[in-house]
Amino acid sequence: MAGPRLPRSGAGLRGGGRQGPQPREPKCHRVGWSAAAVATLVLLAAVVAAAVSHRVPSAVVGGALVCLLAGLRILPVARAFAGFGSELVLLVGGMMVVAAGLTRTGAADRLVAGVEVAAGRPDGVLAERRLLGGLVLAGAATAALLGDVPAMAVWLPAVSRIARRHGTTPGRLLLPILFGVLAGSEVTLIGTAGNILASGILTAVPGQVGFGVFTQAPVGLVAVAAVFALAVTVGPALLPAKHPGEPADVDFANLKMYQGEVAVAAHSALDGRRLREAAVLRELGLRVTAIFPGADAPGRRGLPLPGSSPPATAGPDSVVRAGDRLLVQGSAEDLLEAQNSGLFELRGPAEAATVTAEALVVPESGLVGRTLTELGFRQRYGLDVLAVWRHRGQPLTRLQHLRLRPGDILLLSGSRLAALRLHERLDALLLGERDAAPPRRDRAAVALGLLAAFVAVAATRLMDPAAAAVGAAAGMVLTGCLRPEEALAALDLPILLLLAGIVPLGTALQATPVPALVAAGLAPLARADGPLAVWAVLFLVAALTTQLLSDVATVLLWVPVALRSAALLHADARPLALAVMLGAQAPVVALGHKVALLVPSAGRYSNRDFLRYGLPAAALLLGAGLWAAPRVFPFR
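In this text, all values refer to a predicted model and were calculated from it rather than measured experimentally. (Residues numbered from 1 in each chain as written. Predicted model: local features only at pLDDT ≥ 70, side-chain atom pairs only at ≥ 80, totals over all residues. Heavy atoms only, no water.)

Let us now look at the overall build of the protein chain. In terms of helices and strands, the protein chain carries 26 helices and 11 strands. In the protein chain, buried positions account for 60% of the 636 residues. Considering only contacts in the protein chain between residues 6 or more positions apart, those separated by 24 or more positions represent 82%. Split by element, the accessible area of the protein chain, about 24200 Å² in all, is 62% carbon and sulfur. (Helix = DSSP H or I, 4+ residues; strand = E, 2+ residues; numbered from the N terminus. Buried < 20%, exposed > 50% of the residue type's maximum accessible area, 1.4 Å probe, protein only. Contact = heavy atoms within 4.5 Å. Areas by Shrake-Rupley, 256 points an atom, 1.4 Å probe, with all protein chains shown as cover.)

Further remarks concern the pattern of salt bridges. A full pass over the atoms with the stated rule returns 12 salt bridges. Here Asp609 ties to Arg612 by a salt bridge, and the two come within 3.0 Å at their closest N and O atoms. Placement of both Asp609 and Arg612 in helix α26 (residues 607-632) is noted, with a separation of three residues, approximately one turn of the helix. When its relative accessible area of 13% is taken as the criterion, Asp609 is described as buried. A relative accessible area of 30% places Arg612 in the partly exposed class. The network of salt bridges with common partners includes Arg104, Arg440, Arg483, Glu485 and Glu486. (Salt bridge = Lys/Arg side-chain N within 4 Å of Asp/Glu carboxyl O.)

Its location among the elements puts Asp464 in the loop between α17 (444-460) and α18 (465-478). Judged by its relative accessible area of 15%, Asp464 is buried. Engagement of the side chain of Asp464 in a polar contact is seen with the backbone nitrogen of Ala466, the distance being 3.0 Å. (Polar contact = N/O pair within 3.5 Å; in protein donor to acceptor, adjacent residues only side chain to side chain.)

This brings us to the packing of aromatic side chains. In total, this model carries five aromatic pairs according to the counting rule given. With 4.8 Å between their ring centres and 45° between their planes, Phe377 and Tyr381 make a pair best called tilted. Residue Phe377 and its partner Tyr381 are located together in helix α15 (residues 377-381), separated by four residues, close to a single helical turn. Here Phe377 and Tyr381 have matching classes, each one buried. Here the aromatic rings of Trp535 and Phe539 are separated by 5.9 Å at their centres, their planes lie at 10°, and the arrangement is stacked. Of this pair, Trp535 and Phe539 both sit in helix α22 (residues 531-546), four residues apart, roughly one helical turn. (Phe/Tyr/Trp six-rings, centres within 6.5 Å; stacked < 30°, edge-to-face > 60°.)

Bringing α22 into the picture now. The end-to-end C-alpha distance of α22 is 22 Å, a good match for the 22 Å that 16 residues give at a rise of 1.5 Å each. Of the residues making up α22, those classed as buried are Ala533, Val534, Trp535, Ala536, Leu538, Phe539, Ala542, Ala543, Thr545 and Thr546. Buried-residue contacts for α22 involve α21 (514-529), α23 (551-569), α24 (574-583) and α26. (Expected span 1.5 Å × (residues − 1).)

All right, on to α23 then. When the terminal C-alpha atoms of α23 are compared, their 25 Å separation across 19 residues agrees well with the 27 Å that a helix rising 1.5 Å per residue should span. Counting buried residues along α23, 16 of its 19 residues qualify, which places the element largely inside the surrounding structure.

Right, let's talk about the pairing of strand β6 (residues 325-330) for a bit. Remember that side chains alternate between the two faces of the sheet whenever the strand is regular. Most of β6 sits out of view: five of its six residues are buried. Sheet topology note: the strand β3 (residues 287-292)/β6 ladder contains five bridges and is antiparallel. Bridge pairing in β6 links Ala290 to Leu327. (Pairing = 2+ DSSP bridges.)

On to the packing of helix α2 (residues 58-71) against helix α20 (residues 493-509). Direction vectors running N to C along α2 and α20 enclose 35°, while the axes themselves pass 7 Å from each other. As α2 runs across α20, the sense of the crossing is left-handed. From α2, Ser58, Ala59, Val61, Gly62, Gly63, Leu65, Val66 and Leu69 reach across to α20, where they touch Pro494, Leu497, Leu498, Ala500, Gly501, Ile502, Pro504, Leu505 and Ala508. Tallied by class, the residues present in the contact of α2 with α20 amount to 13 nonpolar, four polar and no charged. (Axes fitted to C-alpha atoms, helices over the stretch in contact; angles between N-to-C directions. Left-handed = near helix turned anticlockwise from the far one by under 90°. Nonpolar A, V, L, I, M, F, W, Y, C, P; charged D, E, K, R; others polar.)

Another aspect to go through is the environment of Ala387. Mapped onto the elements, Ala387 comes out in strand β9 (residues 383-389). Remark: the alpha-carbon pair of Ala387 and Val328, spanning 59 residues in sequence, is separated by 9.3 Å.

Once that is clear, we can look at the pairing of β9. Most of β9 sits out of view: seven of its seven residues are buried. Here β9 pairs with strand β10 (residues 409-415) via six bridges, running antiparallel. Paired with Val385 across the bridge in β10 is Leu412.

Here we take up the confidence of the model for the protein chain. For the protein chain, per-residue confidence averages 78 on the pLDDT scale, and 80% of positions sit at 70 or higher. Across residues 16-31 the pLDDT falls below 50, and counting only partners more than four positions away or on other chains, this stretch makes 43 contacts in the model. Contacts for the low-pLDDT stretch residues 296-310, under 50 throughout, to residues beyond four places or in other chains number 20 contacts. (pLDDT = per-residue confidence, 0-100.)

Another aspect to go through is the packing of α22 against α23. Running from amino to carboxyl end, α22 crosses α23 at an angle of 165°, the nearest separation of the two axes being 9 Å. On the basis of the axis angle, α22 is roughly antiparallel to α23. Considering the relative orientation of α22 and α23, their crossing is right-handed. For the pair α22 and α23, the contacting residues are Pro531, Val534, Leu538, Val541, Ala542, Thr545 and Thr546 in the first and Asp551, Thr554, Leu557, Trp558, Val561, Ala562, Ser565 and Leu569 in the second. Within the contact of α22 with α23, the residues separate by chemical class into 10 nonpolar, four polar and one charged. (Parallel < 35°, antiparallel > 145°, perpendicular 65-115°, else oblique.)

Right, here's the structure in full:
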């Protein structure tokens, strides 16, 4: 069964000027509920379910999509696999390497230092507003050039140091940075993968123009100005207060109760004792939540085997034996002290240059939905996981069998170089030991020059943006900013595989009747209140969707509807597509949006804290888009 036509090479990334050609009005009556259309919607539902549950790795979702689109004959084989060579994947992959080069050479750290200098002396309310304004602008600039997730990779590790210097806490800084990053990602096409996908969906329709690298910049800049105004006016009153006596130097490790797994050492003083008799546990600040008996423990047949679920909850009369594995809760400092006591074994023999660091699990990384055993974590990364902290309660299961979620914080031990490589791969962001390996500062100017060259070439359209990104990535290696193995490690293959599957799914979705039916439902609203009303509705439905899904999934769902709505209105689809793109970057709770999920753990935010700042920020993004989008891209 033949699928819909794919865009020509380069069409998904090249934008037009203010006046784009009108898309052809769709002939909705010709689009029926074929078997391929039904199968496409089933696949779309499966992708949404996987995104919400976080139980299926991104690489599996992307690979399965491609195989099913071809195997079910929804698309011809060549078109189903076209995503692997699409400009979306090449552009995102190239920018991953460029971002790693900027980090490895210390070029990104210069921006952090510049913000600290610009903020001036920490001398009161005005100083805090200057700091927040500077962080919003710097976060926006970083996201516009590197993308939203790499931008947060720059700022999350720096927050603790900035907070310490200014006598505040990360919770007073991270939400303004987050919305600065989200607004800044709309300044350029490369700010987020959702932008690139939206442009590709637009140009799949004959006669419709997509976005260039900077054609949407005026809209994005207005959005940045809106969140900047929030940060320097009423924003501080919306942020969690710093309580009197609360330390400015926030130690993430000791602010939360980690769940660790320890083995009772041979000849330990705990051997044969009941938990109520183990005063040493209380002295170490540890609470035992479950016991997994060792293989040689006699008389323990009533307890489940290690790794089974649920484990036996520990009670005061539970007896501890040598070789038992205990799930314990305590601070990172308590867990390390317990290991040094000789009563427990927390990890294997220490390696040379061993450090203890924290890492925040990134949404859509290769870690999400998998256990440490499935990952072969120690073999793959050269790091031991000592403990896990989860924002919403601790699960009762052995660490090796715990399925990781976005926002989990891992307490790691291993070499400094291994910790840095984990950070650069964007599987998890280090919250400590960020400068574990000395950066190649003598190459910082070269890395910045390569970034500037990419921006110049893409802005002037001397070269296709995807080709320019790949060229900049190659330049990072050829000039010594990155070693070849570091460049390969910077490629987040699970995300690239997911995008390779999403691209053909977006193409197939346009052949189903759903976008036309939804657009027809919006037609009475357009006739009564005009296209601005449709713009507002698309923004709101995208904003609601992005509370549970990533911006890529949100764009996949709603940009086809924006296309059909534009055709019914005989209007340019770009302003309506911008409504979806802006709405996809307006989370008001941290449930599904990949960047928003990075913030609650590091900032210690409750849902109420996030909602109190997120709602005004989202409302400002709506107002900024309503004012700017039709002026930059007129409907007619």
